[in-house]
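Listed below, chain by chain, are the residues.
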Amino acid sequence: MIPLSLPGRSDAIAPFVARLLANGAPTRERADASLLASDDALALFSGRHGLFEVCGVSAAALDGDVVLVTPAAGRVERLLRAGSSHNTLLVTERCDQLCVMCSQPPKKTHVDRFDVFTEACLLAERNIVINISGGEPTLFKEPLLRMVETVLTSREDLEFHILSNGQHFDTSDIERLRQPLYRRVQWGIPLYAADAALHDRIVDKPGAYERLQESLATLLLAGASVELRTVVLTENAAALPALARYVARQLGFIATWSVMQLENIGFARNRWGALYYDHRRDFGPLAAAIDEAVLGRIAVRLFNFARCSVPPAYRRYAVASISDWKRRYAPACDGCREKDQCSGFFEWHPTEDATAGVEPL
């Protein structure tokens, strides 16, 4: 597992953002910090806020990273890692839903760091997609959109992928979201069933399904790019074919439909036995849903499914989806020809499950 939060020391008074240069490259921005000295587990940098140390990884592993140094906490947070396609900014831990399987259980408090994130994004390496997550980012829609617009106006090479529960878009957003720069933004929106009662029960919010339909209509009228997301659970597995038909008939404007296996963290950890649908025992509902989607010309992907656990006819839909910092493979995966195309397993996936079913391809 790749550490994102590292111990560090600085004499600065306030937190600051820095881009770490460890290979001798010349500084280009005021926020650039150059390497002065290092060993295997400590790197000393110099920047506009003076000297600071980053501990726990080699300087080479930090080269190009954009970090937030918090002196009072003795912490260095790797906001954007150079060379990674899985950079995600957690902009809030507040949420107005309480999904039964939530991997990031919400908190009542919110720490506004949009200015920090804006500064970090402006320092990002070129031609990457930056993921935005929560909590629910659109609870703070105005600062969120302001950050997106500031960054994309200055950096024409960047794109955003923003996860949202789709509860807070309305017709007043249409003209704003029609701006050309929003063509470089994709919204990841969850829908768990075509049945309102079932969807609302999963997200634990009455009326969420109907409100989601309003937001999807707004995004359609705005010409927004939407990735529809569905987590597979014991409760909704049988309803997946019906959901696929609904998506094909009513939501044909979406860019893609990502069908996702459950993550063993957050609320799901203590409810694993009740929530986890073992697709290896019965892939039938997923196969039917994929068939319906393909017939309806919906691009469909399977996220968090090890390729060897998917029947051969559907294996091409299982993509390498798990972020590199939280991904692991079973020992048997070392001999697999398709390892580079496979999601592997979450670091916290039950070990017995991750090892027992692995069959190298």
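In the block above lies the structure referred to throughout.
This write-up is about the structure you can find in this document. (Residues numbered from 1 in each chain as written. Predicted model: local features only at pLDDT ≥ 70, side-chain atom pairs only at ≥ 80, totals over all residues. Heavy atoms only, no water.)

## Considering the sheet that holds strand 13 (residues 256-260)
Spatial strand order, 8-9-10-11-12-13-14: seven strands in an open sheet with parallel pairing. Every interior strand has two partners, whereas the edge strands, strand 8 (88-90) and strand 14 (300-303), have only one. On average, each strand axis in the sheet is tilted by 25 degrees relative to the strand beside it, whichever way the strands run. Sitting on the sheet, helix 10 (residues 284-295) is in contact with strand 13 and strand 14, with an inclination near 150 degrees to strand 14. (Pairing = 2+ DSSP bridges. Helix = DSSP H or I, 4+ residues; strand = E, 2+ residues; numbered from the N terminus. Axes fitted to C-alpha atoms, helices over the stretch in contact; angles between N-to-C directions. Contact = heavy atoms within 4.5 Å.)

## A short note on the pairing of strand 4 (residues 42-47)
Bridge count between strand 3 (residues 32-39) and strand 4: five bridges; the pairing is antiparallel. Opposite aspartate 39, over in strand 4, you have leucine 42 as the bridge partner. From the end of strand 3 to the start of strand 4, which pair antiparallel, there are two residues. Bridge count between strand 4 and strand 5 (residues 50-55): six bridges; the pairing is antiparallel. Bridging from a neighbouring strand, leucine 42 pairs with cysteine 55 of strand 5. Counted between consecutive antiparallel strands, the loop separating strand 4 from strand 5 contains two residues.

## Thoughts on the packing of aromatic side chains
Taken as a whole, this structure holds eight aromatic pairs when the rule is applied. On the basis of an interplanar angle of 10 degrees and a centroid distance of 6.4 Å, the ring pair of phenylalanine 346 and tryptophan 348 is categorised as stacked. Through a chain of ring-to-ring contacts, the aromatic side chains of Phe16, Phe45 and Phe52 assemble into a single cluster. The positively charged end of arginine 271 is found above the aromatic ring belonging to phenylalanine 267, 5.1 Å away from the centroid. Directly above the aromatic system of tyrosine 329 lies the positively charged group of lysine 339, at a separation of 4.8 Å from the ring centroid. (Phe/Tyr/Trp six-rings, centres within 6.5 Å; stacked < 30°, edge-to-face > 60°. Lys NZ or Arg CZ within 6 Å of the ring centre and 35° of its normal.)

## Comments concerning empty space enclosed by the protein
Counted by the stated rule, this structure contains four cavities of 30 Å³ or more. For the largest cavity, the calculated volume is near 150 Å³. Within the lining of the largest cavity, the residues separate by chemical class into nine nonpolar, seven polar and two charged. The computed volume of the second largest cavity comes to approximately 80 Å³. Within the lining of the second largest cavity, the residues separate by chemical class into nine nonpolar, no polar and four charged. (1 Å grid on protein atoms, 1.4 Å probe; cavity = no way out; pocket = protein on both sides within 12 Å on 5 of 7 lines; lining within 4 Å. Points joined across faces, edges and corners; volume = space filled by probe spheres on them. Nonpolar A, V, L, I, M, F, W, Y, C, P; charged D, E, K, R; others polar.)

## Comments concerning helix 7 (residues 240-250)
Structurally, the α-helix is built with 3.6 residues per turn, so residues lying three or four positions apart point the same way. Looking at helix 7, one finds that the buried residues are Leu240, Pro241, Leu243, Ala244, Tyr246 and Val247. In the core, the buried residues of helix 7 are packed alongside helix 6 (208-221), strand 12 (225-231), strand 13 and helix 10. (Buried < 20%, exposed > 50% of the residue type's maximum accessible area, 1.4 Å probe, protein only.)

## Things to note about the sheet that holds strand 1 (residues 5-10)
Adjacent strands of a sheet pair through backbone hydrogen bonds, lying either parallel or antiparallel. Spatial strand order, 1-5-4-3-2-6-7: seven strands in a closed barrel with mixed pairing. Averaged over neighbouring strand pairs, the angle between their axes works out to 40 degrees when direction is ignored. When strand 1 meets strand 5, the two strands line up antiparallel, connected through three bridges. By the bridge assignment, glycine 8 is partnered in strand 5 with valine 54. Packing against the sheet, helix 2 (residues 114-122) makes contact with strand 2 (16-21), strand 6 (66-70) and strand 7 (75-80), and its axis sits at approximately 60 degrees to strand 7.

## Topic: the pattern of salt bridges
One pass over the full model with this rule turns up 26 salt bridges. Residue glutamate 142 pairs with arginine 176 through a salt bridge whose shortest N-O separation is 2.7 Å. Note that glutamate 142 is positioned in helix 3 (residues 141-154) and arginine 176 in helix 4 (residues 174-177), a separation of 34 residues in sequence. The exposure class assigned to arginine 176 is partly exposed, which follows from its relative accessible area of 23%. Across the pair glutamate 292 and arginine 245 runs a salt bridge whose closest N-O atoms are separated by 3.2 Å. Highlighted residues: glutamate 292 in helix 10 and arginine 245 in helix 7, separated in sequence by 47 residues. On the accessibility criterion, glutamate 292 (26% relative accessible area) is partly exposed. Each of Glu142, Arg146, Glu149 and Arg176 takes part in one network of salt bridges that share partners. (Salt bridge = Lys/Arg side-chain N within 4 Å of Asp/Glu carboxyl O.)

## Details of the layout of surface pockets
Any empty space left between the atoms is revealed when a probe the size of a water molecule rolls over them. Considering only enclosed or pocket space, the second largest pocket measures out at about 240 Å³ in volume. Lining the second largest pocket are 15 residues, and of these Arg19, Arg28, Leu123, Ala124 and Glu125 sit closest to its centre. Class assignment of the residues belonging to the lining of the second largest pocket gives a composition of six nonpolar, two polar and seven charged.

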